[in-house]
Amino acid sequence: MQPVIAQKLTDKFDTLLWEMFKEDTPGAVALVAKGNTILYRKAFGMANLELGVKMKPENVFRIGSITKQFTAAAILKLRDEGKLNLDHDITKYVEDYPTHGHHITVQQLLTHTSGIKNYTEMAAWDEEVRKKDFTPEEFIDFFKNQAMDFKPGEDWRYSNSAYFILGHIIEVVSGMSYEEYIEKTFFEPLNMTNSYYGSTSRIIKDRASGYNKRGTELLNADYISMTQPYASGSLVSTVDDLYKWCSAVMRDEVIRKASRKEAHTTYKLNNGEKTGYGYGWSIGNIQGSPMLFHDGGMIGYLTIAMYLPEEEIFVAVFSNCNCNPPRDLAMKMAALAVGKPYDWKPIPLSNDALREYAAVYGSDNEEQRNITFEDGQLFSFRNAGRKFKIVPYGKDMFFFDGGMTTLQFNRNATGEIVSFTSKSTGYDTELKRTDKPILFIEKIKVDQATTDKYLGKYQLSPSFIISIFKEGSKMYAQGTGQRRIEIFPFENNKFVYVDIDCKLTFNMGENGKAHSLTVHQLGDHDAKKIE
């Protein structure tokens, strides 16, 4: 890469990272590489706020669910050695596991299609339980009697429970503990000298402290026994070691080439629908360039690592707070690295031409999006939520202003617009034009004394708390590990998120204060007020 071009790329990366990670806040480490060459490697913010320790590129983070890549690779390696079969029923390895009359395979555990409930969504997995140490068998007993979410292979739903069971299978088949197997099979041979099975007591050099943000309050990360994330999220590492890992995987030094390709191919449900997930890797794209990636979220840490095989680009961004999700940032860095930045050039269209696109578009699964023409602009919004400006940049092509999604409007043989295809970092989705009327939820005025009754923390699940708080005259909702989103009232004690199709109902007690809220998104979900 020419020096001038490399410096411009560095400057753009710097700008993106400085916007999110300030000097005196929890920070991040970012690494970008092309093939065997590191293009960018920098640290931002603080590794430890209490001691005033700045972040450095060598810092160690909990990588959360990126652990699943190692678990999946271990299962495939054992399969390649003839020690297990992906079609085996899981009762071959966990004899007393209740399958409710279903045949649940090892492959379905790998692909999140087993139907086994995610233990992190169980009400019983509360703060006190998270402090306890378990053996793998004990923890499987903790969640195994939960009802199935669906029949195996019928749907895709992320399940840490499935990957926990895979860790136990690795132990049964290999005769080693999960920790020992990963250490001996992957970390040592690949010289991943700063990667470990997570521990709260072990001294780990250069470990970054983890932080959580609830509302406006920054806190030290809550305690969790690392026996519980286990094979679904227990590992700690550095961006350098993850780069070593990715390079070795892609050179077929970890598992066989055929197994690697299998792991990096989207799994299909029984009905043939693509899930966007292989074995331990998510499947996506950056502006049409194929991408393999995985996010990680562990109490106090958020991480992402991705690889674009056609361009041989690796990007990792690790952060030590749940307050700054790095996914979009990493996607933008990858786009810059492959020369496909999200900076489309607008073209002019007449008002009459823009009006032609205005309609309600929907799909068979009831997803709906409105395209409206207002004041010389097109906007896209769901029935409830903020209006996003969409801007033309080609024939029937629009981009979301400031976003990473484009819309391709499709016409029939007579030139009529019949649908649009949404293109983002996952699989393309098509919404068909309908004759439905455009609906929009209007904001109402509510006095401050009333809105103050809704403020507080609401527990949707043991690991997911929604904080409702104010800044100035605006109200916000922020879920664990997510960004804050403004909410506004549209009926008595009913609010809506400004940019997602999600509503909240605050349920009031006799004292006139909210005792719970109901989240209306893909069904109704109650969250008890805890503070």
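The preceding data block contains the structure.
Residues numbered from 1 in each chain as written. Predicted model: local features only at pLDDT ≥ 70, side-chain atom pairs only at ≥ 80, totals over all residues. Heavy atoms only, no water.

A. Representation of the overall build of the chain within the structure. Along the chain, the regular secondary structure elements total twelve helices and 29 strands. Taken over C-alpha atoms, the radius of gyration comes to 24 Å for the chain, in line with the 24 Å a tight globule of 531 residues would show. For the C-alpha atoms alone, the extent of the chain along its principal axes is close to 70 × 65 × 55 Å. Within the span of the chain, comprising 531 residues, buried residues form 52% of the whole. Considering only contacts within the chain whose residues lie at least 6 apart along the sequence, 57% involve residues at least 24 apart. (Helix = DSSP H or I, 4+ residues; strand = E, 2+ residues; numbered from the N terminus. Rg over C-alpha atoms; globule rule 2.2 N^0.38 Å. Buried < 20%, exposed > 50% of the residue type's maximum accessible area, 1.4 Å probe, protein only. Contact = heavy atoms within 4.5 Å.)

B. Representation of the sheet that holds strand 23 (residues 464-471) in the model. Strand order in the closed barrel formed by eight strands is 22-23-24-25-26-27-28-29, and the pairing between neighbours is antiparallel. Direction aside, neighbouring strands of the sheet carry axes that sit 35° apart on average. Taken together, the four bridges between strand 25 (residues 485-491) and strand 26 (residues 494-497) define a ladder with antiparallel strand orientation. By the bridge assignment for strand 26, Ile-487 is matched with Tyr-497. (Pairing = 2+ DSSP bridges. Axes fitted to C-alpha atoms, helices over the stretch in contact; angles between N-to-C directions.)

C. Representation of the pairing of strand 21 (residues 429-434) within the structure. Relative to strand 21, strand 14 (residues 359-362) runs antiparallel, the two being bridged by three bridges. If you follow Val-360 over to strand 21, its bridge partner there is Thr-434. Relative to strand 21, strand 20 (residues 417-423) is paired through four bridges, and the arrangement is antiparallel. Bridged to Phe-420 within strand 21 is Leu-431. Where strand 20 hands over to strand 21, the hairpin turn is made up of five residues, counted between the paired strands.

D. How the structure looks around the side chain of Ser-225. Counting through the fold element by element, Ser-225 comes out in the loop between strand 8 (217-220) and helix 7 (230-233). Of note is the side chain of Ser-225, whose polar atom sits 3.3 Å from the backbone oxygen of Lys-132. A polar contact of 2.7 Å, which involves the side chain of Ser-225, links it to the side chain of Thr-227. Excluding residues that lie within four positions of it along the chain, Ser-225 makes contacts with Arg-130, Lys-131, Lys-132 and Asp-133. (Polar contact = N/O pair within 3.5 Å; in protein donor to acceptor, adjacent residues only side chain to side chain.)

E. Summary view of the sheet that holds strand 5 (residues 61-62). Pairing is antiparallel across the open sheet formed by three strands, whose spatial order is 5-9-6. Pairing within the sheet leaves two strands with one partner each, and these edge strands are strand 5 and strand 6 (196-197). Across two bridges, the pairing between strand 5 and strand 9 (residues 235-237) is antiparallel. When the bridges of strand 9 are listed, Arg-62 appears paired with Val-236.

F. Inspection of helix 5 (residues 160-174) at higher detail. Between its first and last C-alpha, helix 5 extends 21 Å over 15 residues, near the 21 Å set by a 1.5 Å rise per residue. For helix 5, the buried fraction is high: 13 of the 15 residues fall into the buried class. Just downstream of helix 5 lies Gly-175, where phi reads positive at about 80°. (Expected span 1.5 Å × (residues − 1).)

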